[in-house]
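Observations on the model geometry
Below are the chains, spelled out letter by letter.
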Amino acid sequence: MKPSRRLFLKGASALGFAAVTGTQPLFAAQADGFELAKLPYAFDALEPVIDTKTMEIHWGRHHKAYVDNLNKAFAGKVEWLAKPVDQILKEIGEVPAAIKQAVINNGGGHSNHTHFWNMMKAGGSEGPTGNLKEAIVSTFGSVEKLQALMTSNGMTRFGSGWTWLVKDPTGKLSAYSTANQDSPLMVGRTPILGIDVWEHAYYLKYQNKRADYLAAWWKVVNWKRAEELFA
Ligand code: MN
């Protein structure tokens, strides 16, 4: 099952169960926290663009640490543990102040990476097509111009972060970058495409050549997934 679907079901079933029974202990038993979903492909599936070792460490250590630390931040807070992480990020203003930054960092890290894995696929894909292509062309001029802009935004992101194509609350596309693990969901934007520009995403293969990584990334893009997110 795809991670996003799994997260949705997990949150929905926990909330639905609580609504039916109304009993806190049973509700708590459902809220067992966030899980690191399996990758939607093998570790070597994105070779040679993203090497096997990077995938193993990126998913198995970096992403896992975000999940573990998100569970620690919400320890004992069953009402939060029951929610899908994307929902929590949309409601970040409601998160208790004492753990808010930990949730921004680790909830953002969990969400961003879950989306990232699914925004890529073995062998890449033709596209975009349909409504997404029309929106990209009308907003940026062409797909190539969008790619150049996302690359430029990724190159000028000093330190660690992400370069994004997002859908604004009005439905309009825009491209920008965020620092650290800041999620576009926190400001009402829906991720359509996102490229991790933390050094851990590319350093083993590309060393300091972030531009080469960004140029190669489009060879593994999953346009079908982007179209689903845009719809
Ligand atoms: Mn990363």
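Check the entry above for the structure.
This write-up is about the structure you can find in this document. (Residues numbered from 1 in each chain as written. Predicted model: local features only at pLDDT ≥ 70, side-chain atom pairs only at ≥ 80, totals over all residues. Heavy atoms only, no water.)

1. Digging into the coordination of the manganese ion
Selection criterion: Only nitrogen, oxygen and sulfur atoms qualify as donors, provided they sit within 2.8 Å of the metal or within 3.2 Å for Na, K and Ca; with water excluded from the atoms, sites may seem incomplete. Every helix listed is a DSSP run of H or I at least four residues long, and every strand listed is a run of E at least two residues long, numbered separately from the N terminus. Each residue is assigned to one of three classes by its accessible area relative to the maximum for its type, calculated with a 1.4 Å probe on protein chains only: buried under 20%, partly exposed between the two thresholds, exposed over 50%.
Those donors, His58 (NE2), His113 (NE2), Asp196 (OD) and His200 (NE2), are the protein atoms that reach the manganese ion, and they lie 2.0 to 2.2 Å from it. Along the chain, the residues that donate to the manganese ion are spaced as H-x54-H-x82-D-x3-H. Of this pair, histidine 58 sits in helix H3 (residues 52-73) while histidine 200 sits in the loop between strand S3 (190-196) and helix H9 (203-206), and the two are 142 residues apart along the sequence. In this structure histidine 200 comes out as buried when scored by relative accessible area, which is 18%.

2. Digging into the sheet that holds S3
For clarity, the cut-off: The pairing criterion for strands is at least two bridges between them, as found by DSSP. Here an angle of 0 to 180 degrees is reported between the N-to-C directions of two axes, which are lines fitted to C-alpha atoms, with helices fitted over the stretch in contact.
One open sheet holds the 3 strands; their spatial order is S2-S1-S3, and the pairing between them is antiparallel. Single-partner strands in this sheet number two, and they are strand S2 (173-179) and S3. Averaged over all pairs of adjacent strands, the angle between their axes in this sheet comes to 25°, without regard to strand direction.

3. Details of the pairing of S3
Along S3, 6 of the 7 residues are buried, which leaves the element largely enclosed by surrounding structure. The pairing of strand S1 (residues 161-167) with S3 spans 6 bridges and is antiparallel. Across the sheet, tryptophan 164 pairs through a bridge with glycine 194, a residue of S3.

4. Section: the packing of H3 against helix H6 (residues 97-118)
The line we're drawing: When the near helix sits turned anticlockwise from the far one by under a right angle, the crossing is termed left-handed; a clockwise turn instead gives a right-handed crossing. Contacts: residue pairs with any heavy atoms within 4.5 Å of one another. Think of it as three bins: nonpolar holds Ala, Val, Leu, Ile, Met, Phe, Trp, Tyr, Cys and Pro, charged holds Asp, Glu, Lys and Arg, and polar takes everything else, Gly as well.
Running from N to C, H3 and H6 cross one another at 145°; their axes reach a closest spacing of 8 Å. Seen from above, H3 lies across H6 with left-handed handedness. Contact residues: Met55, His58, Trp59, His63, Ala65, Tyr66, Val67, Asn69, Leu70 and Ala73 in H3; Ile99, Ala102, Val103, Asn105, Asn106, Gly107, Gly109, His110, His113, Thr114, Phe116 and Trp117 in H6. Broken down by class, the residue content of the contact of H3 with H6 amounts to 12 nonpolar, 10 polar and no charged.

5. Points about the packing of aromatic side chains
As a reminder, the rule being used: We call Phe, Tyr and Trp rings a pair once their centres come within 6.5 Å, taking the six-membered ring for Trp, and we label the pair stacked below 30 degrees between planes, edge-to-face above 60, and tilted otherwise. To sit over a ring, a charge needs its Lys NZ or Arg CZ within 6 Å of the ring centre and within 35 degrees of the ring normal.
For the structure on display, the rule yields 11 aromatic pairs. Plain terms: the ring middles of phenylalanine 116 and tryptophan 117 are 5.6 Å apart, the flat faces sit at 50° to each other, and that makes the pair tilted. Each of the two residues, phenylalanine 116 as well as tryptophan 117, counts as buried. Pairing tryptophan 162 with tryptophan 164 gives two aromatic rings, centres 5.3 Å apart and planes at 15°, and the pair type is stacked. A relative accessible area of 0% means that tryptophan 162 is categorised as buried. Overall, the relative accessible area of 0% leaves tryptophan 164 in the buried class. An aromatic cluster is defined as three or more aromatic residues linked by ring pairs; in this entry it consists of Phe116, Trp117, Trp162, Trp164, Trp217, Trp218 and Trp223. One residue, lysine 167, lies across the ring of phenylalanine 230, its end atom 5.6 Å from the ring centre. In this arrangement the basic side chain of lysine 205 is found over the ring face of tyrosine 206, its NZ or CZ atom lying 5.8 Å from the centre.

6. Topic: helix H8 (residues 143-156)
What counts is decided by this rule: To estimate the expected span of a helix, subtract one from its residue number and multiply by 1.5 Å. Here the arc refers to the set of directions running from the helix axis out to each C-beta atom.
Here H8 is 14 residues long and its end C-alpha atoms lie 20 Å apart, about the 20 Å a rise of 1.5 Å per residue gives. Here H8 has its buried residues at Val143, Leu146, Gln147, Met150, Asn153 and Gly154. On an axial view of H8, the arc spanned by its buried residues comes to 130°, and they lie on one face. Relative to its buried face, H8 has exposed residues pointing more than 90 degrees away, namely Glu144, Lys145 and Thr156. Where H8 is buried, its residues contact helix H7 (130-140), S1, S2, S3, helix H10 (210-217) and helix H11 (223-230).

7. Observations concerning the pairing of S2
Counted residue by residue, S2 has 6 buried out of 7 residues, so it is predominantly covered. Two strands pair when backbone bridges link them, and S1 and S2 are joined in this way by 7 bridges, in the antiparallel orientation. For threonine 163, the partnering residue across the bridge sits in S2 and is serine 177. Here S1 hands over to S2 after 5 residues, with glycine 171 in that stretch at a positive phi of 95°.

8. Re H7
The set of residues buried in H7 consists of Leu132, Ala135, Ile136 and Phe140. Projected down its long axis, H7 carries its buried residues within an arc of 100°, all on one side. Looking at H7, the residues exposed on the side facing more than 90 degrees away from the buried face are Asn131, Glu134 and Ser138. The secondary structure elements touched by the buried residues of H7 are H8, S1, S2, S3 and H11. Glycine 141 lies just past H7 and shows a positive phi near 105°.

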